[in-house]
Amino acid sequence: MKPAGVVRKVDQLGRIVLPKSLRKRYQMNEGDPVEILVQGDHIILERYRPRCVFCGSMEDVKEFKERYLCEQCMSEMGQLQIR
Ligand SMILES: [Zn+2]
């Protein structure tokens, strides 16, 4: 992790404006979902990518009935037998 060379103040409501140069560089547009992660005493912003509800994977994730599943879990579910 390296500093982006930007210092911003948090406003009354806890908001921070991301500089246009960073938004452009990381292709963050108005309305895009951003996930807030924490690591030790660091706060990390990441473009939101849905995770599989079963295994947490972010690879090959598809939406199914308003939930997200990876292809691996979907395949394993397909092998379950209903009694
Ligand atoms: Zn999964």
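Residues numbered from 1 in each chain as written. Predicted model: local features only at pLDDT ≥ 70, side-chain atom pairs only at ≥ 80, totals over all residues. Heavy atoms only, no water.

In the nomenclature of an unreviewed UniProt entry, the protein is known as Transcriptional pleiotropic regulator of transition state genes of Paenibacillus catalpae.

## Some points on the coordination of the zinc ion
Here the zinc ion is held by the protein donor atoms C52 (SG), C55 (SG), C70 (SG) and C73 (SG), which lie 2.3 to 2.4 Å from it. Around the zinc ion sit 4 donor atoms, and with donor-metal-donor angles ranging over 103 to 115° the site reads as tetrahedral. Of note, the zinc ion draws all its donor residues from one chain, in the sequence arrangement C-x2-C-x14-C-x2-C. Residue C55 is located in the loop between β2 (42-47) and β3 (61-64), and its partner C73 is located in helix α2 (residues 71-78); the two are separated by 18 residues in the primary sequence. (Donors = N, O, S within 2.8 Å, 3.2 Å for Na, K, Ca; no water. Tetrahedral: all angles 85-135°; square planar, octahedral: opposite > 155°, others 65-115°. Helix = DSSP H or I, 4+ residues; strand = E, 2+ residues; numbered from the N terminus.)

## Remarks on the confidence of the model for the protein
Averaged over every residue, the pLDDT of the protein is 92; the share at 70 or more is 100%. Here β2 stands out as the least confident element of the protein, with mean pLDDT 91; strand β4 (residues 67-70) is the most confident, with 96. (pLDDT = per-residue confidence, 0-100.)

## Details of the domain arrangement of the protein
Looking at the protein, the domain boundaries give domain 1 (1-48) and domain 2 (50-83). Distance from the C-alpha centre of domain 1 to the C-alpha centre of domain 2: 30 Å. (Domains from an automatic or database assignment.)

## Some words on the pattern of salt bridges
Tallied over the entire structure, the rule returns 4 salt bridges. Salt-bridge contacts for R15 lead to D11; the nearest nitrogen and oxygen are separated by 2.9 Å. Between E59 and R49 there is a salt bridge, with its nearest N and O atoms 3.9 Å apart. Taken together, the residues span a long stretch of sequence, with E59 in the loop between β2 and β3 and R49 in the loop between β2 and β3 at a distance of 10 residues. (Salt bridge = Lys/Arg side-chain N within 4 Å of Asp/Glu carboxyl O.)

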